[in-house]
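# Coordinates in review
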Amino acid sequence: MSGKTGEGRELVVGIDPARDWHLALAWAADEAHRRRLGLHLVAAVPPQHDTHPVDDTPHQTALRQAGAHALEDAVDWARDRHPELEVSGDLQAGPPAAVIGRLSQEARMVVLGSRHLSRTAEFFSAGSLVVPVAAQAGCPVVVVGDAEHVSQQPPYVVVGIDGSESSKAALAFAYEEADLRGAELRVISVSQSPVLRLHDEEVALQAQRRMLAEATAGWPAKYPDVAVRHEIPIGHPVEELAKAAEHALAVVVGRRGRGGYSGMHLGSVVHGLLHRAHCPVITVPTV
């Protein structure tokens, strides 16, 4: 990989004192161990509201104390899991999404937890990081809402591609991840428009097979130990990718550009997977 997705030497993890951080931190600590990266844990204290009619200082103090305690516990927990890891904790003032988004510009990867909220609930949740960070981060973002399926044999990683530049970046990351894990890679291009005539259907399938072959050309030479399967299911991309990733270590998808207001320009497939997939979802920005 090249560009910002490969430059950072730290894996950043968002720690929310109000929610259970163990699942996301376990994934992050294991990944930092595999990649020999530093692990940087961050808790952000939102700013005091200037328009609040009552002095908000006691509340802010309580938030800072809760953040500091959560960070201390999380750092100790990560070190116990992988004693050789370089782990640091950082309590920062500012809106959590903005703090994590800023750190993502220099990080190798950002890892966040998720509560599988609906899209509306996610948007209006005051503490939500997933949508704005996943939309605007300068590095891959991993959303851990469910545990990876390590019991599946052989283990596998799913990547969705459509021939776009963003899916090429996702494919590069997915190959690297599968190689690190000793996992199979399932490269999936979803056909959304079933046709009635057999000839037209075969022409469409041939075009997708050609796109899959072109997209993966050259990668086997770089990752000779990664077994690859090409799949072209018919249906809705979110449903088909989520179904394929039901027992996966992770599902990887590309993200086009940067998000707009509050990150709501996040692609519909990416956004759908964040709420539908039952394994870690990794979004990769276009390099």
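Residues numbered from 1 in each chain as written. Predicted model: local features only at pLDDT ≥ 70, side-chain atom pairs only at ≥ 80, totals over all residues. Heavy atoms only, no water.

### Here's the deal with the overall build of the chain
Looking only at helices and strands, the chain features 10 helices and 10 strands. For the chain, with 287 residues in total, the buried portion stands at 50%. Total accessible area on the chain stands at roughly 13,800 Å², and carbon and sulfur atoms take up 53% of it. (Helix = DSSP H or I, 4+ residues; strand = E, 2+ residues; numbered from the N terminus. Buried < 20%, exposed > 50% of the residue type's maximum accessible area, 1.4 Å probe, protein only. Areas by Shrake-Rupley, 256 points an atom, 1.4 Å probe, with all protein chains shown as cover.)

### Notes on the nonpolar core
Nonpolar side chains in soluble globular proteins tend to end up buried together. With 49 residues, the main nonpolar core has Leu39, Leu41 and Leu185 as its most contacted residues. Excluding anything up to four places from it in sequence, Leu41 contacts Val13, Ile15, Leu25, Leu71, Ala74, Val75, Val87, Ser88, Gly89 and Asp90. Residues Val12, Ala244, Ala245 and Ala277 belong to the second largest nonpolar core, which totals 33 residues. (Core = buried A, V, L, I, M, F, W, Y, C linked by side-chain atoms within 4.5 Å. Contact = heavy atoms within 4.5 Å.)

### Things to note about the confidence of the model for the chain
Model confidence for the chain is summarised by a mean pLDDT of 84, while 83% of its residues fall at 70 or above. Low pLDDT, under 50, characterises residues 1-6; the stretch is placed with 15 contacts to residues that sit more than four places away or in other chains. When the criterion is pLDDT under 50, residues 258-265 qualifies, and its contacts beyond four places in sequence or with other chains add up to 22 contacts. (pLDDT = per-residue confidence, 0-100.)

### Thoughts on the packing of aromatic side chains
All chains considered together, the criterion is met by four aromatic pairs. Measuring from ring centre to ring centre gives 5.4 Å for Tyr175 and Trp219, while their planes differ by 15°; the resulting arrangement is stacked. Taken together, the residues Tyr175 in helix α6 (residues 165-181) and Trp219 in helix α8 (residues 219-222) connect sequence positions 44 residues apart. Taken individually, Tyr175 and Trp219 each receive the classification buried, so the pair is uniform in this respect. Look at Tyr175 and Tyr223: their rings are 5.7 Å apart centre to centre, the planes differ by 15°, and that puts the pair in the stacked class. Taken as a pair, Tyr175 in helix α6 and Tyr223 in the loop between α8 and β8 (228-231) lie far apart in primary sequence, 48 residues in all. Members of the aromatic cluster, each reached through a chain of ring pairs, are Tyr175, Trp219 and Tyr223. Here Arg186 stacks its cationic end above the ring of Tyr156, 4.8 Å away from the centre of that ring. (Phe/Tyr/Trp six-rings, centres within 6.5 Å; stacked < 30°, edge-to-face > 60°. Lys NZ or Arg CZ within 6 Å of the ring centre and 35° of its normal.)

### As for α6
With 17 residues, α6 extends 25 Å between its outermost C-alpha atoms, agreeing within 8% with the 24 Å of an ideal straight helix rising 1.5 Å per residue. Counting buried residues along α6, 13 of its 17 residues qualify, which places the element largely inside the surrounding structure. Gly182, located one to two residues past α6, shows a positive phi value of around 65°. (Expected span 1.5 Å × (residues − 1).)

### A closer look at the side chain of Gln208
Here Gln208 is to be found in helix α7 (residues 198-216). Apart from residues no more than four positions distant in its own chain, Gln208 is found in contact with Ser189, Val190, Ser191 and Ile232.

### Here's the deal with the packing of helix α9 (residues 237-244) against helix α10 (residues 268-276)
Close contact between α9 and α10 brings their axes to 9 Å; oriented N to C, the two are set at 45°. In terms of orientation, α9 lies oblique with respect to α10. As α9 packs across α10, the resulting crossing turns out to be right-handed. Only Ser268, Val269, Gly272, Leu273 and Arg276 of α10 make contact with α9, whose side of the interface consists of Pro237, Val238, Glu239, Leu241 and Ala242. Across the contact of α9 with α10, the residue classes tally to six nonpolar, two polar and two charged. (Axes fitted to C-alpha atoms, helices over the stretch in contact; angles between N-to-C directions. Parallel < 35°, antiparallel > 145°, perpendicular 65-115°, else oblique. Left-handed = near helix turned anticlockwise from the far one by under 90°. Nonpolar A, V, L, I, M, F, W, Y, C, P; charged D, E, K, R; others polar.)

### With respect to the pairing of strand β1 (residues 10-14)
Counting buried positions along β1 gives four out of five residues, so the element sits mostly inside the fold. Examined bridge by bridge, β1 and strand β2 (residues 38-45) share five bridges and lie parallel to one another. In the strand pairing of β2, Leu11 is matched with Leu39. The parallel pair β1 and β2 is bridged by helix α1 (residues 22-35), and the resulting crossover is right-handed. Bridge count between β1 and strand β4 (residues 109-113): three bridges; the pairing is parallel. Within the sheet, the bridge partner assigned to Leu11 lies in β4 and is Met109. (Pairing = 2+ DSSP bridges. Right-handed = clockwise from strand over helix to strand, strands pointing away.)

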